[in-house]
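# Architecture at a glance
These are the residues of each chain, in order.
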Amino acid sequence: MQGNTLKGKTALVTGSTSGIGLGIARSLAIQGANIVFNGFGDAKEIENLQSSFAKEFSVQTAYHNADMSKPAEIESMMAFIGDKFGGTDVLVNNAGIQHVANIEDFPTDKWDAIIAINLSSAFHTTRLALPTMKAKKWGRIINIASVHGLVGSVQKSAYVAAKHGIIGLTKVTALETAQTPITCNAICPGWVLTPLVQKQVDVRAEIAGISTEDAKRVMLAEKQPSGEFVTPDQLGGLAVFLCSDAASQMRGVSLNVDGGWVAQ
Ligand code: NAD
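The numbers attached to residues start from 1 for each chain and follow its sequence in the written order. With pLDDT at 70 or above as the cut-off, local features in this predicted model cover only qualifying residues; side-chain atom pairs require 80 or more to be listed or tallied, and sums for whole chains, interfaces and linings still use all residues. Just so you know, side-chain values use all the structure's heavy atoms and leave hydrogens and water out.

## As for empty space enclosed by the protein
We place a 1 Å grid over just the protein atoms. Points where a 1.4 Å probe fits but has no way out form a cavity, open points with protein on both sides within 12 Å along at least 5 of 7 lines form a pocket, and any residue with an atom within 4 Å of a point lines it. Grid points are joined across faces, edges and corners, and a volume is the space filled by probe spheres set on the points. In the structure shown here, the tally under the stated rule is one cavity of 30 Å³ or more. Each pocket or cavity is described by its volume, and for the largest cavity that value is around 40 Å³. Around the largest cavity, the lining residues are Thr 14, Asn 93, Asn 94, Ala 95, Ile 117, Asn 118, Ser 121, Ala 122, Ile 144, Lys 163 and Ile 166. In terms of residue count, helix α4 (residues 108-136) provides more of the lining of the largest cavity than any other element does, four residues in total. Put simply, Ala, Val, Leu, Ile, Met, Phe, Trp, Tyr, Cys and Pro go in the nonpolar bin, Asp, Glu, Lys and Arg in the charged bin, and everything else, Gly too, in the polar bin. Across the lining of the largest cavity, the residue classes tally to five nonpolar, five polar and one charged. Only DSSP runs of H or I with at least four residues qualify as helices, and only runs of E with at least two residues qualify as strands; both kinds are numbered from the N terminus onward.

Set out below in structure tokens:
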């Protein structure tokens, strides 16, 4: 439902050209927030995304192509948002990648990339966003962690380490801002069928010699008791709630949206 709870606010959603980030950007735009997109993708498609949001939700949009593994590019992006919008009011740290291998076979460059993109980037955006949020006396920082910030799974050492790390960063950010109108919380999704997970479905289907539909069923049956994928829109709904006044005393919390994964 279209609303105006975030009218006049600006939201940066990192990794918003696809999947969960795009779903969250859409939910925030529906509430009237201006959206700064970030992430990789085809230039024409990203332009279309910007203009379709602007038209559909009557919000301003912008895009910055910062590679979230590169602190200097993150600094340029935050300066760009400062110039264009006077800073970001809502910061959604969402960009992330995955690589699956046993520890002894885990490529060290993949470890470094996952820690940089899934964890360190959130430190950089947060340290650069806080001064303006403090000056404007309002801010919402939402870190997209994962159930893998709460529990482990084999073959995901870097991802699980980064996601546990971002939950730690969430707590410290929340404590350091506890007496301000800025909150920081984490969302911990279970399986969401995005390109990041589709790759894992395809690999499983190929290894087991089964269809992708069967591979999806096996993945869900292993971990997610509901037997259903979480959707980006459901995560967007929670992000909107975390931006509301009702959530202003939620500080440093990790909220799992996981079809029962962590209840087991
Ligand atoms: P996705 O692959 O659909 O989207 C990832 C986004 O991050 C894309 O926009 C991509 O361009 C961007 N990105 C990747 N590397 C980048 C970089 N170096 N610099 C800038 N942008 C970069 O994946 P998704 O499933 O939507 O994942 C989004 C977040 O949600 C990730 O942090 C992921 O760990 C987390 N998550 C996903 C699931 C799931 O089941 N899909 C579950 C829990 C958590």
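## Thoughts on the domain arrangement of the protein
Each assigned domain of the protein is listed here: domain 1 (10-190 + 230-256) and domain 2 (191-229). Just so you know, the domain bounds were taken from an automatic or database domain assignment. Computed from C-alpha atoms alone, the centre-to-centre distance between domain 1 and domain 2 is 25 Å. Contacts between the two partners involve 16 residues from domain 1, matched on the other side by eleven residues from domain 2. Accessible area that two parts lose when put together, with a 1.4 Å probe and added across both, is what the buried area reports. Both faces considered, domain 1 and domain 2 share a buried interface measuring about 830 Å² in area, 59% of it formed by carbon and sulfur atoms. Any two residues having at least one pair of non-hydrogen atoms within 4.5 Å are treated as being in contact.

## Let's talk about the sheet that holds strand β1 (residues 10-13)
Hydrogen bonds between backbone groups are what pair the strands of a sheet, and the pairing can be parallel or antiparallel. The strand order across the open sheet built from seven strands is β3-β2-β1-β4-β5-β6-β7, with neighbouring strands paired in parallel fashion. Sheet topology places β3 (61-64) and β7 (254-257) at the edges, where each strand pairs with a single neighbour. Across the sheet, the mean angle separating the axes of adjacent strands is 20° when strand polarity is ignored. Helix axes are fitted to C-alpha atoms over the stretch in contact, other axes to C-alpha atoms as well, and angles between N-to-C directions run from 0 to 180 degrees. Where helix α1 (residues 19-30) meets the sheet, its contacts fall on β1, β2 (34-38), β4 (90-93), β5 (139-144) and β6 (182-189), and the angle it forms with β2 comes to roughly 170°. Note: two strands are recorded as paired if DSSP finds a minimum of 2 bridges between them.

## Thoughts on the packing of α1 against helix α8 (residues 232-242)
Interhelical geometry of α1 versus α8 gives an angle of 50° and a closest axis separation of 8 Å. Here α8 runs oblique to α1, going by the angle between their axes. α8 is crossed by α1, and the crossing has right-handed handedness. Residues Gly 19, Ile 20, Gly 23, Ile 24, Ser 27 and Leu 28 of α1 form the contact with α8, whose own contacting residues are Pro 232, Asp 233, Leu 235, Gly 236, Gly 237, Ala 239 and Val 240. A breakdown of the residues in the contact of α1 with α8 according to their chemical character gives seven nonpolar, five polar and one charged. Here roughly perpendicular refers to angles of 65 to 115 degrees, roughly parallel to angles under 35, roughly antiparallel to angles over 145, and oblique to all remaining angles. Left-handed describes a crossing whose near helix is turned anticlockwise from the far helix by less than a right angle; the clockwise case is right-handed.

## Focus: the environment of Gly 165
Counting through the fold element by element, Gly 165 comes out in helix α5 (residues 157-176). Take Gly 165: its relative accessible area is 24%, and that puts it in the partly exposed class. Relative accessibility decides the category of a residue: with a 1.4 Å probe and only protein chains considered, values under 20% of the type maximum give buried, values over 50% give exposed, and everything between is partly exposed.

## Looking at the side chain of His 148
Structurally, His 148 is set in the loop between β5 and α5. Polar side-chain contacts of His 148 include one of 2.7 Å to the side chain of Ser 153. With residues near it in sequence (within four places) discarded, His 148 still touches Ser 153, Lys 156, Tyr 159, Val 160, Lys 163, His 164 and Trp 261. Polar contact is defined as a pair of N or O atoms within 3.5 Å, subject to the rule that within protein one atom must be able to donate a hydrogen and the other to accept it, and that residues adjacent in sequence are counted only when both atoms are side-chain atoms.

## Comments concerning the site of the ligand
Being near a molecule or strand, for a residue, comes down to having at least one heavy atom within 4 Å of it. Neighbouring residues of the ligand: 30 residues in total, closest Ser 18, Asn 94, Tyr 159, Val 192 and Thr 194. Here an oxygen atom of the ligand sits 2.6 Å away from a polar atom, N or O, in the side chain of Ser 18. Lys 163 is positioned such that a nitrogen or oxygen atom in its side chain is 2.9 Å from an oxygen atom of the ligand. Values of accessible area rely on a 1.4 Å probe in the Shrake-Rupley scheme; residue burial ignores everything except the protein chains shown. For the ligand, whose unbound accessible area comes to 820 Å², protein coverage reaches 93%.

## Considerations on α4
What sets the pattern is the α-helix's 3.6 residues per turn: residues three or four places apart point alike. End to end, α4 covers 41 Å across 29 residues, agreeing with the expected 42 Å (1.5 Å per residue, within 8%). Taking the largest bend as the criterion, α4 deviates by roughly 40°, centred on Ser 120. Just downstream of α4 lies Lys 137, where phi reads positive at about 60°. For a helix, the expected span equals 1.5 Å multiplied by the residue count minus one. Axes are fitted to the seven residues ending at a residue and to the seven starting at it; the angle between these axes is taken as the bend at that residue.

## What to know about the packing of aromatic side chains
Each Phe, Tyr or Trp ring, with Trp reduced to its six-membered ring, pairs with another whose centre is within 6.5 Å; inter-plane angles below 30 degrees give stacked pairs, above 60 give edge-to-face pairs, and intermediate values give tilted ones. Tallied over the entire structure, the rule returns three aromatic pairs. Measuring from ring centre to ring centre gives 5.3 Å for Phe 53 and Phe 57, while their planes differ by 80°; the resulting arrangement is edge-to-face. Of this pair, Phe 53 and Phe 57 both sit in helix α2 (residues 43-57), separated by four residues, roughly a single helical turn. A relative accessible area of 0% means that Phe 53 is categorised as buried. Ring centres of Trp 191 and Trp 261 lie 5.5 Å apart, and the angle between their planes is 50°; this geometry places the pair in the tilted category. Placement of Trp 191 in the loop between β6 and α6 (195-208) and of Trp 261 in the segment after β7 is noted, with a sequence separation of 70 residues between them. You can call Trp 261 buried: its relative accessible area is 6%. One aromatic cluster is present, built from ring pairs that chain together Phe 37, Phe 53 and Phe 57. In this structure, Lys 9 is placed above the aromatic ring of Trp 138, and the distance from its NZ or CZ to the ring centre is 4.2 Å. Any Lys NZ or Arg CZ found within 6 Å of a ring centre and within 35 degrees of that ring's normal is scored as a charge over the ring.

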